[in-house]
Amino acid sequence: MLTFYQNIIYNFFISLGVLLGGCLLGGVAATLNGHPPLKTMMDLCEQIKIWAIVVALGGTFPSFKVFDTGLFNGEIRSVIKQVIYILSALLGAHVAYKLIYYLEGSGKL
């Protein structure tokens with residue numbers, strides 16, 4: 001069983017990896033198809049950001065189950081843990097989005 005802090009780190013890096021991998025390989029596919037790779041990468045980044053979060057959390061149903069048991073059975077601690085896991089996955093996806101954004105050249109370092 002993973003500890004709380006290990007799950008936070010896993011969620012962050014899984015969502016980061018899903019978004020970076022999907023966008024970078026989507027850029028390769030765009031190059032092979034004759035489309036602009038950086039624009040395609042930015043479009044993909046916006047489209048799959050939520051899915052990177054869902055993948056990091058292990059799907060949406062376990063999250064809803066934790067909210068259900070936490071709210072209706074009075075286990076507020078599990079709800080708080082789940083919110084922290086969601087925020088960790090959201091942060092990982094946002095970091096990946098910003099990396100792609102700066103790679104594309106829209107942002108200034």
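Check the entry above for the structure.
Residues numbered from 1 in each chain as written. Predicted model: local features only at pLDDT ≥ 70, side-chain atom pairs only at ≥ 80, totals over all residues. Heavy atoms only, no water.

Q: I keep staring at the overall build of the protein chain and nothing clicks. Help me out?
A: Within the protein chain, the regular secondary structure consists of four helices and zero strands. Here the protein chain has a C-alpha radius of gyration of 16 Å; the compact-globule value for 109 residues is 13 Å, and the former is much larger. Across its three principal axes, the protein chain shows a C-alpha extent of roughly 55 × 30 × 25 Å. For the protein chain, with 109 residues in total, the buried portion stands at 29%. Of the contacts made within the protein chain by residues no fewer than 6 positions apart, 68% connect residues no fewer than 24 positions apart. As displayed, the protein chain offers around 7100 Å² of accessible surface, 71% of which is attributable to carbon and sulfur atoms. Of the charged side chains in the protein chain, 7 are positive and 5 negative, and the gap between their average positions amounts to 7 Å. (Helix = DSSP H or I, 4+ residues; strand = E, 2+ residues; numbered from the N terminus. Rg over C-alpha atoms; globule rule 2.2 N^0.38 Å. Buried < 20%, exposed > 50% of the residue type's maximum accessible area, 1.4 Å probe, protein only. Contact = heavy atoms within 4.5 Å. Areas by Shrake-Rupley, 256 points an atom, 1.4 Å probe, with all protein chains shown as cover. Lys, Arg positive; Asp, Glu negative; His and termini not counted. Charge placed at Lys NZ, Arg CZ, Asp CG, Glu CD.)

Q: Got a minute to help me understand the environment of Ala52 in this structure?
A: Tracing the sequence through the fold places Ala52 in helix H2 (residues 37-57). Note: C-alpha distance between Ala52 and Leu90 (38 residues apart in sequence) is 8.4 Å. With sequence-adjacent residues up to four places away left out, Ala52 is seen in contact with Ser15, Val18 and Leu19.

Q: Just checking my understanding: could you explain the nonpolar core for this structure?
A: Across soluble globular proteins, you tend to see nonpolar side chains buried next to one another. Counting 16 residues, the largest nonpolar core has Leu19, Cys45 and Ile100 as its most contacted members. Among the secondary structure elements, those contributing two or more residues to this core are helix H1 (4-32), H2 and helix H4 (76-104). Broken down by element, this core gets its largest block of residues, seven residues, from H2. (Core = buried A, V, L, I, M, F, W, Y, C linked by side-chain atoms within 4.5 Å.)

Q: Quick question: what am I supposed to make of the packing of H2 against H4 here?
A: Axis angle and axis distance: for two packed helices, these are the angle between their axes and the distance between the axes, and together they describe the pair. Where H2 contacts H4, the two axes come as close as 9 Å, and the packing angle between them is 165°. Overall, the two elements H2 and H4 adopt an arrangement that is roughly antiparallel. Crossing of H2 against H4: the hand is right-handed. When H2 is examined against H4, the residues Leu38, Met41, Met42, Cys45, Glu46, Lys49, Ile53, Ala56 and Leu57 are found in contact with a partner set consisting of Gln82, Tyr85, Ile86, Ala89, Leu90, Ala93, His94, Tyr97, Ile100, Tyr101, Leu103 and Glu104. (Axes fitted to C-alpha atoms, helices over the stretch in contact; angles between N-to-C directions. Parallel < 35°, antiparallel > 145°, perpendicular 65-115°, else oblique. Left-handed = near helix turned anticlockwise from the far one by under 90°.)

Q: Explain the side chain of Asn11 to me, please; I cannot follow it from the model alone.
A: Of note, Asn11 is situated in helix H1. The buried category is assigned to Asn11, whose relative accessible area is 8%. Those residues in contact with Asn11, other than ones at most four positions away along the chain, are Ala56, Leu57, Tyr85, Ser88 and Ala89.

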